There are 2 protein chains.
Amino acid sequence: MIEDPSRKKIPRVAYLGPETTFTHQAAMHFFEDGANFRAAETIDDVFHLVETGSCDQGVVPIENTYEGSVSRTLDLFYEYDLKISAEIINRIHHNLLSKSKRLENIKVLYSHPMAIAQCRLWIKSTLNGVGIAEVGSTARAAKKAVEDPEAAAIGSIMAAEVYGLNVLQENIEDVADNFTRFMVIGKDQAVPTGRDKTSILISLMHQPGTLYRALETLARRNINMTRIESRPLKMGQWEYLFFMDLDGHEQDRSLGEALREMQGHCVFLKRLGSYPRAM
Amino acid sequence: MIEDPSRKKIPRVAYLGPETTFTHQAAMHFFEDGANFRAAETIDDVFHLVETGSCDQGVVPIENTYEGSVSRTLDLFYEYDLKISAEIINRIHHNLLSKSKRLENIKVLYSHPMAIAQCRLWIKSTLNGVGIAEVGSTARAAKKAVEDPEAAAIGSIMAAEVYGLNVLQENIEDVADNFTRFMVIGKDQAVPTGRDKTSILISLMHQPGTLYRALETLARRNINMTRIESRPLKMGQWEYLFFMDLDGHEQDRSLGEALREMQGHCVFLKRLGSYPRAM
């Protein structure tokens, strides 16, 4: 295929900011050919920027994340009519960053509460006695470390580069298998690759067996479910939402049939998109 | 029943701190007859304090929360052998707190990113132009407001009382139905009340239909499931964990039978406890 460079359009991509968040890194990694990036303040803002056409695509965290609320992302898929066109799964590493070059100079450590929790053993063994200050994001922690040479931040290598900090120690996380999953959202659908996933959102009456009957349409066709999460539409009320990730593309015959049949068991079924598996 | 006051023991209760968090409020509300409370720094610490016997019971957030990670709580139920003895469901309200008594004096607003997100429309309409500073918890925001009379914090009425702040405006949240759910954990099991829930954690082989077959044991007995959430044991690997809340007590004949039968479909099934329904 010959590409016509004059037709190449640089995508405008919103992500959950500020700069150097894990979402930013995931977005940079995914749009490696370049994009016009825009840091949004909240996950809501990312959806809004894409919905209104201010951006072509958006990147939001959806699982096991330090930034924003995963459940907020799920709720926004209910509220907005945007499609998932890709997933990004990144290994998360934490590093000790500081203006200082010496560990002994550190008097206070800034980071997001979850990043602190993930590095607890390392902090206890290496920075014992150092004051710990929680801030709202790892990016903010890096900014605090810029202001104070006696401060350190837990953050990414990218944050060290952007904010001009030294990396005093790499990979200080206690747990090695620490992944975060992000979704790329937009108005277009990804084409089948033969190795895809499909995300759906269904609403069921809150009665015994409703989920069981909905899943039967998948089990009979040997369709694998890789994730399920329930959310009450309103706490204590009768209707429930289920977010599911299924193996396959909705254009596959078997999954297409299953979804049509499942729809008959649901109050509603919303197709959030089919996209290539990241892992 | 005559109670012997000499035998009454004040429970030692760990909660996810610091003081005045929503978890703290939930704990105070639940242990209304008094307890010896201890603020833990992380959800991990709450589990550890109860497991080692330093505290008799613990209170941790599990759904839709501003404090810590819900998924961390789920993972800790996998790691620790503690029982859920109660659930607490609280409506969350946000309020504008300040040392100042006048809205016009406010130059900066501190809060947790999620609290800010939940009050966005109100902030936009009432505090337009005021600087917004994200901090790691609503309790920390209140402390910042104590230090600076030109600052305000989004926080609870309890935080206003504890930190000596004025409540400039109550219930500033944009969404009215904002609930958080907490679990009371310990080593004892709650007795059946006739209106109970049971939480379990099951592990299934990552194959099509395994969840469907596990749920069949519930559907056949008309047992209602009120929540389900999947977690990969390791991302991209073959084994999956499912956290489920079911209607009924595990001492009920029908649920007891269902759980025994379900066990045959699982790699393992862990009973996290039966407890009275909060809603």
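Up top is the structure these notes are about.
Cut-offs used in this document
- Residues numbered from 1 in each chain as written.
- Chains lettered and ligands numbered in written order.
- Predicted model: local features only at pLDDT ≥ 70, side-chain atom pairs only at ≥ 80, totals over all residues.
- Heavy atoms only, no water.
- Helix = DSSP H or I, 4+ residues; strand = E, 2+ residues; numbered from the N terminus.
- Polar contact = N/O pair within 3.5 Å; in protein donor to acceptor, adjacent residues only side chain to side chain.
- Contact = heavy atoms within 4.5 Å.
- Pairing = 2+ DSSP bridges.
- Axes fitted to C-alpha atoms, helices over the stretch in contact; angles between N-to-C directions.
- 1 Å grid on protein atoms, 1.4 Å probe; cavity = no way out; pocket = protein on both sides within 12 Å on 5 of 7 lines; lining within 4 Å.
- Points joined across faces, edges and corners; volume = space filled by probe spheres on them.
- Nonpolar A, V, L, I, M, F, W, Y, C, P; charged D, E, K, R; others polar.
- Least-squares fit on C-alpha atoms with pLDDT ≥ 70 in both.
- Buried area = accessible area lost by both parts, 1.4 Å probe.
- Salt bridge = Lys/Arg side-chain N within 4 Å of Asp/Glu carboxyl O.
- Core = buried A, V, L, I, M, F, W, Y, C linked by side-chain atoms within 4.5 Å.
- Buried < 20%, exposed > 50% of the residue type's maximum accessible area, 1.4 Å probe, protein only.
- Phe/Tyr/Trp six-rings, centres within 6.5 Å; stacked < 30°, edge-to-face > 60°.
- Parallel < 35°, antiparallel > 145°, perpendicular 65-115°, else oblique.
- Left-handed = near helix turned anticlockwise from the far one by under 90°.

Caption draft 1: Spatial organisation of the side chain of Ser274 of chain B. Residue and element names in this part refer to chain B. Structurally, the position occupied by Ser274 is in strand S14 (residues 268–276). Side-chain polar atoms of Ser274 contact the side chain of Thr198, separated by 2.7 Å. Apart from residues lying up to four places away in sequence, Ser274 is in contact with Ile84, Gln189, Ala190, Lys197, Thr198, Gly248, His249 and Glu250.

Caption draft 2: Structural context of the sheet that holds strand S8 (residues 151–155) of chain A. Residues and elements named next belong to chain A. Taken in spatial order, the 5 strands of this open sheet run S7-S6-S8-S5-S9, and their pairing is mixed. If you trace the sheet from one side to the other, it starts and ends with strand S7 (131–134) and strand S9 (166–169), each paired once. The mean angle between the axes of side-by-side strands here comes to 35°, regardless of whether they run parallel or antiparallel. With 3 bridges connecting them, strand S5 (residues 95–98) and S9 associate as antiparallel partners. Residue Leu96 lies in a different strand from S9, and its bridge partner there is Gln169.

Caption draft 3: Seen up close, the layout of surface pockets. All names here are of chain A. Empty space within the second largest pocket amounts to approximately 700 Å³. Forming the boundary of the second largest pocket are 20 residues, of which Lys9, Pro11, Phe30, Phe31 and Gln57 lie nearest the centre. In terms of residue class, the lining of the second largest pocket is made up of 9 nonpolar, 4 polar and 7 charged.

Caption draft 4: View of the relation of the copies chain B and chain A. Once chain B is rotated about the relating axis by 179° and shifted along it by 0.0 Å, it coincides with chain A to within an RMSD of 0.1 Å. Here the transformation between the copies is reduced to the relation of a two-fold axis. When the interface residues of chain B are mapped onto chain A, 95% of them are again interface residues, pointing to one common binding face.

Caption draft 5: Inspection of the interface of chain B and chain A at higher detail. Across the contact, 41 residues belong to chain B and 40 residues belong to chain A. Both faces combined, the contact of chain B with chain A buries some 3,700 Å², and carbon together with sulfur accounts for 59% of it. For Asp45 of chain B, the salt bridge identified is with Arg120 of chain A, shortest N-O distance 2.7 Å. Counting across the chain B and chain A interface gives 5 residue pairs in polar contact (both at pLDDT 80 or more). Among the elements of the structure, helix H2 (43–51), helix H4 (113–118), helix H8 (210–219), strand S12 (225–232) and strand S13 (239–247) of chain B are those that each provide at least two residues to the side of chain B that touches chain A.

Caption draft 6: Main features of the nonpolar core. With 44 residues, the main nonpolar core has Ile202, Leu211 and Met244 of chain A together with Ile202, Leu211 and Met244 of chain B as its most contacted residues. Ignoring sequence-local partners within four residues, the contact set of Met244 of chain A consists of Thr198, Ser199, Ile200, Ile202, Leu211, Leu215, Met225, Arg227 and Ile228 of chain A.

Caption draft 7: View of the environment of Asn166 of chain A. Residue and element names in this part refer to chain A. By the element assignment, Asn166 lies in strand S9. Taking C-alpha positions, Asn166 is 27 Å from Ala40, a pair spaced 126 residues apart along the chain. At 3.3 Å, the side chain of Asn166 forms a polar contact with the backbone oxygen of Ser100.

Caption draft 8: Focus on the sheet that holds strand S2 (residues 36–40) of chain B. Residue and element names in this part refer to chain B. Overall, mixed pairing links the 5 strands, which are arranged S2-S1-S3-S10-S4 in an open sheet. Two strands in the sheet have a free side with no partner beyond their single neighbour: S2 and strand S4 (83–91). In this sheet, adjacent strand axes meet at a mean angle of 30° when their direction is disregarded. Strand direction decides the pairing type here: strand S1 (residues 12–16) and strand S3 (residues 57–63), joined by 3 bridges, are parallel. Bridge assignment links Val13 to a residue of S3, and that residue is Gln57. Along the sheet, helix H1 (residues 22–30) makes contact with S1, S2, S3, S4 and strand S10 (179–186), crossing S4 at roughly 110°. With respect to the sheet, H2 is in contact with S1, S2, S3 and S10, its orientation differing from that of S3 by roughly 145°.

Caption draft 9: The arrangement of the packing of aromatic side chains in detail. Residue and element names in this part refer to chain A. Evaluation of the coordinates by the stated rule reveals 13 aromatic pairs over all chains. Centre to centre, the rings of Tyr15 and Phe37 are 6.2 Å apart; their planes meet at 75°, and the pair counts as edge-to-face. A residue pair is termed long-range when its members are at least 10 positions apart, and Tyr15 in strand S1 (residues 12–16) and Phe37 in strand S2 (residues 36–40) qualify at 22 residues. For Tyr15, a relative accessible area of 2% puts it in the buried group. Classification of Phe37 as partly exposed rests on a relative accessible area of 24%. What links up through ring pairs into an aromatic cluster is the set Tyr15, Phe30, Phe31 and Phe37.

Caption draft 10: Here's a closer look at the packing of helix H8 (residues 210–219) of chain A against H8 of chain B. Closest axis-to-axis distance for the H8 of chain A/H8 of chain B pair is 9 Å, and the angle between their directions is 150°. Relative to H8 of chain B, the element H8 of chain A is oriented roughly antiparallel. In the packing of H8 of chain A onto H8 of chain B, the handedness of the crossing is left-handed. Facing H8 of chain A, whose interface residues are Leu211, Tyr212, Leu215, Glu216 and Ala219 of chain A, H8 of chain B presents Leu211, Tyr212, Leu215, Glu216 and Ala219 of chain B. Class assignment of the residues belonging to the contact of H8 of chain A with H8 of chain B gives a composition of 8 nonpolar, no polar and 2 charged.

Caption draft 11: Geometry of the packing of H8 of chain A against helix H9 (residues 253–263) of chain A. Residue and element names in this part refer to chain A. Orientation of H8 relative to H9, taken along the N-to-C sense of each, is 160°, at an axis distance of 9 Å. Judged by the angle between their axes, H8 and H9 are roughly antiparallel. The way H8 lies across H9 gives a crossing that is right-handed. Of the residues in H9, those in contact with Ala214, Glu216, Thr217 and Leu218 of H8 are Ala258, Glu261 and Met262. Taken together, the residues of the contact of H8 with H9 break down into 4 nonpolar, 1 polar and 2 charged.

Caption draft 12: Representation of the pattern of salt bridges in the model. Under the defined criterion, the tally for this structure stands at 30 salt bridges over all chains. One salt bridge connects Glu261 of chain B with Arg220 of chain B, and the closest N-O pair in it is separated by 2.4 Å. You can see Glu261 of chain B sitting in helix H9 (residues 253–263) and its partner Arg220 of chain B sitting in the loop between H8 and S12, a full 41 residues away along the chain. Salt bridges here are not isolated pairs; linked through shared partners, they connect Glu216, Arg220, Arg221, Glu257 and Glu261 of chain A.

Caption draft 13: Up close: the environment of Gly131 of chain A. Residues and elements named next belong to chain A. Among the secondary structure elements, Gly131 is positioned in strand S7. Linking Gly131 and Lys107, residues 24 residues apart in sequence, is a C-alpha distance of 6.3 Å. With near-sequence residues (within four places) excluded, Gly131 lies in contact with Lys107, Val108 and Leu109.

Caption draft 14: Looking closely at the environment of Ser98 of chain B. Residue and element names in this part refer to chain B. Following the sequence through the fold, Ser98 ends up in strand S5 (residues 95–98). Linking Ser98 and Pro149, residues 51 residues apart in sequence, is a C-alpha distance of 6.8 Å. Reaching out from Ser98, the side chain makes a polar contact with the backbone nitrogen of Ser100 at a distance of 3.0 Å.

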